[in-house]
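# Descriptive structure summary
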Amino acid sequence: MNKSDFNNELKFILLRSIFLDCAAYLISVFFIGFTVRMAAGLLLGTFGMMVNLYLLYRSVARIVNSGGSKAQSFMMKSYLFRLFVTGVIIVISMKLSFINTVGTVLPYFYPKLVYTGSTLFRKGGKSDESV
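From a predicted model like this one, the values you see are computed outputs, not experimental measurements. (Residues numbered from 1 in each chain as written. Predicted model: local features only at pLDDT ≥ 70, side-chain atom pairs only at ≥ 80, totals over all residues. Heavy atoms only, no water.)

A word on the packing of helix α2 (residues 36–66) against helix α3 (residues 71–95). Put simply, α2 and α3 touch, their axes get as near as 10 Å, and they point 170 degrees apart. For the element pair α2 / α3, the angle class is roughly antiparallel. Here α2 contributes Leu44, Gly48, Val51, Asn52, Leu55, Leu56, Ser59, Val60, Arg62 and Ile63 to the contact with α3, which in turn contributes Ala71, Phe74, Met75, Ser78, Phe81, Arg82, Val85, Thr86, Ile89, Ile92 and Ser93. Residues that form the contact of α2 with α3 fall into these classes: 13 nonpolar, six polar and two charged. (Axes fitted to C-alpha atoms, helices over the stretch in contact; angles between N-to-C directions. Helix = DSSP H or I, 4+ residues; strand = E, 2+ residues; numbered from the N terminus. Parallel < 35°, antiparallel > 145°, perpendicular 65-115°, else oblique. Contact = heavy atoms within 4.5 Å. Nonpolar A, V, L, I, M, F, W, Y, C, P; charged D, E, K, R; others polar.)

See below:
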């Protein structure tokens, strides 16, 4: 995946993440009311999710460009660093009283939702009807 494909992919996930943020916020209104805390948590979580995707892209691109030498150890280091960044963002949301922690964690599930949904609702793709 080259840089322009990755940028297109980031735009794809960001637009859907904003939609999911709005949906999550509207659903949270029924439980906790209109709060800035939830909106701040969703924004922080979406930022963290995008940083996580960028770091993943960088690590995979580096391994592909280097020919895969010592790929396993580098991927493990990259994974631990991404896990550390995610942990720092979640701890920040726990320590700051104006950020909702649930709202921060929720966007980390968006990529699974978006890619599963895009697979299920893809138009013009191959059908399973081979008869």
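Okay, back to it.
A grouping of Phe81, Phe84, Val88, Ile92, Leu96 and Phe98 is seen on the molecular surface, where their side chains present a nonpolar patch of about 560 Å² in accessible area. Mapped onto the secondary structure, phenylalanine 98 falls in the loop between α3 and α4 (101–105). The class for phenylalanine 98 is exposed, based on a relative accessible area of 51%. (Patch = residues over 30% accessible without salt bridge, like charges linked within 9 Å, V, L, I, M, F, W, Y side chains within 5 Å. Areas by Shrake-Rupley, 256 points an atom, 1.4 Å probe, with all protein chains shown as cover. Salt bridge = Lys/Arg side-chain N within 4 Å of Asp/Glu carboxyl O. Buried < 20%, exposed > 50% of the residue type's maximum accessible area, 1.4 Å probe, protein only.)

The next point concerns the packing of aromatic side chains. All told, the structure shown has four aromatic pairs when counted by the stated rule. Judged by centre distance (6.0 Å) and plane angle (20 degrees), the rings of phenylalanine 12 and tyrosine 115 are stacked. Residue phenylalanine 12 is located in helix α1 (residues 3–32), and its partner tyrosine 115 is located in helix α5 (residues 110–120); the two are separated by 103 residues in the primary sequence. A relative accessible area of 22% means that phenylalanine 12 is categorised as partly exposed. When its relative accessible area of 31% is taken as the criterion, tyrosine 115 is described as partly exposed. Centroid distance tyrosine 25 to phenylalanine 34: 6.3 Å. Interplanar angle 50 degrees. Geometry classified as tilted. (Phe/Tyr/Trp six-rings, centres within 6.5 Å; stacked < 30°, edge-to-face > 60°.)

On to the packing of α1 against α5. Interhelical geometry of α1 versus α5 gives an angle of 105 degrees and a closest axis separation of 10 Å. The orientation of α1 with respect to α5, classified from their angle, is roughly perpendicular. Facing Glu9, Phe12, Ile13, Arg16, Ser17, Leu20, Asp21 and Ala24 of α1, the residues of α5 in contact are Tyr110, Pro111, Val114, Tyr115 and Ser118.

Judged by nonpolar contacts, the single largest core of 14 residues is most densely connected at Leu10, Ile13, Met49, Met50, Leu53 and Ile89. Counting only elements with at least two residues in this core, the list comes to α1, α2 and α3. In terms of residues, this core owes the most to one element, α2, which gives six residues. Beyond its immediate sequence surroundings of up to four residues, methionine 50 is in contact with Leu10, Ile13 and Leu14. Ala24, Tyr25, Met38 and Leu42 belong to the second largest nonpolar core, which has six residues in total. (Core = buried A, V, L, I, M, F, W, Y, C linked by side-chain atoms within 4.5 Å.)

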